[in-house]
Amino acid sequence: WESPPGQGTPATLPRSQVGVMVNPKPVITEGDVVNVELVQVELGRCLMFQLTPAAARDFYRLSGSNQGRRLVLFLNGTAVGARRIDGAITDGVVFVFVELPDEELPALVERLKRTAVAVQREIRRAGE
């Protein structure tokens, strides 16, 4: 999440060079994601993250209490996108526009999908 004024760790988006101070503790991790898709919405192409039921419940509460702040997407330690939270997200589906070239997005989504499947498999295996 974007941190309150005067707090947090700086992050800079790659294309716009927008700076955002973020809380260093992630609110969504690899283990919270069950699927990623590249989708076309009214404003353009973006990534759609589908969360586990438990993560969706937690994110619903967090998104409700953090309206107006930005959720910053980090991939491999680099800020690549942000989304301003304008209301509670009730369905566990999070759309994020990324500041990467459009031609890189399909391969990125495939890598993220493979990672989500592998992480969920490991989580299930650890729970057995």
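Below, the structure is looked at part by part. (Residues numbered from 1 in each chain as written. Predicted model: local features only at pLDDT ≥ 70, side-chain atom pairs only at ≥ 80, totals over all residues. Heavy atoms only, no water.)

### Overview of the environment of Glu-42
Locating Glu-42 in the fold gives a position in the loop between strand 3 (33-41) and strand 4 (44-51). In this structure, the C-alpha to C-alpha distance between Glu-42 and Ser-63, residues 21 residues apart in sequence, is 22 Å. (Helix = DSSP H or I, 4+ residues; strand = E, 2+ residues; numbered from the N terminus.)

### Observations regarding the side chain of Asn-66
Considering the arrangement of structural elements, one finds Asn-66 in the loop between helix 1 (53-65) and strand 5 (70-75). If near-sequence neighbours (up to four positions away) are discounted, Asn-66 is found in contact with Trp-1 and Ile-85. (Contact = heavy atoms within 4.5 Å.)

### Side note on the nonpolar core
Taken as a class, soluble globular proteins show a tendency for nonpolar side chains to be buried jointly. Core analysis: the biggest nonpolar cluster contains 24 residues, and Leu-47, Phe-49, Phe-59 and Leu-73 have the highest contact counts within it. Of all elements in the fold, only strand 3, strand 4, helix 1, strand 5, strand 7 (93-98) and helix 2 (105-127) reach the threshold of two or more residues within this core. Element by element, the count of residues in this core is highest for helix 2, at five residues. If near-sequence neighbours (up to four positions away) are discounted, Phe-59 is found in contact with Trp-1, Val-27, Ile-28, Leu-51, Leu-71, Ile-85, Ile-89 and Val-94. In this structure, Leu-13, Val-20, Val-22 and Val-72 belong to the second largest nonpolar core, which totals six residues. (Core = buried A, V, L, I, M, F, W, Y, C linked by side-chain atoms within 4.5 Å. Buried < 20%, exposed > 50% of the residue type's maximum accessible area, 1.4 Å probe, protein only.)

### Quick look at the environment of Phe-59
As for its placement among the helices and strands, Phe-59 is situated in helix 1. Here Phe-59 falls in the buried class, since its relative accessible area comes to 1%.

### Brief notes about the environment of Val-39
In this fold, Val-39 is placed in strand 3. Taking C-alpha positions, Val-39 is 8.7 Å from Phe-95, a pair spaced 56 residues apart along the chain. Sequence-distant contacts of Val-39, that is, excluding residues within four places in its chain, are made with Gly-44, Arg-45, Cys-46, Met-48 and Phe-95.

### Points about the sheet that holds strand 6 (residues 78-84)
Pairing is antiparallel across the open sheet formed by five strands, whose spatial order is 3-4-7-6-5. Unpaired on one side and paired on the other, strand 3 and strand 5 mark the two borders of the sheet. Taking each pair of neighbouring strands and ignoring which way they run, the sheet shows an average axis angle of 35°. In the sheet, strand 5 pairs with strand 6 via six bridges, with the strands oriented antiparallel. Each bridged residue has a counterpart across the sheet, and for Leu-75 the counterpart in strand 6 is Thr-78. Sitting on the sheet, helix 1 touches strand 4, strand 5 and strand 7, and the angle it makes with strand 4 is about 110°. (Pairing = 2+ DSSP bridges. Axes fitted to C-alpha atoms, helices over the stretch in contact; angles between N-to-C directions.)

### Notes on helix 2
In this model helix 2 runs 33 Å from its N-terminal to its C-terminal C-alpha over 23 residues, within 8% of the 33 Å that 1.5 Å per residue would give. Every buried residue of helix 2 is listed here: Leu-105, Leu-108, Val-109, Leu-112, Ala-116 and Gln-120. (Expected span 1.5 Å × (residues − 1).)

By themselves these figures say nothing about function.
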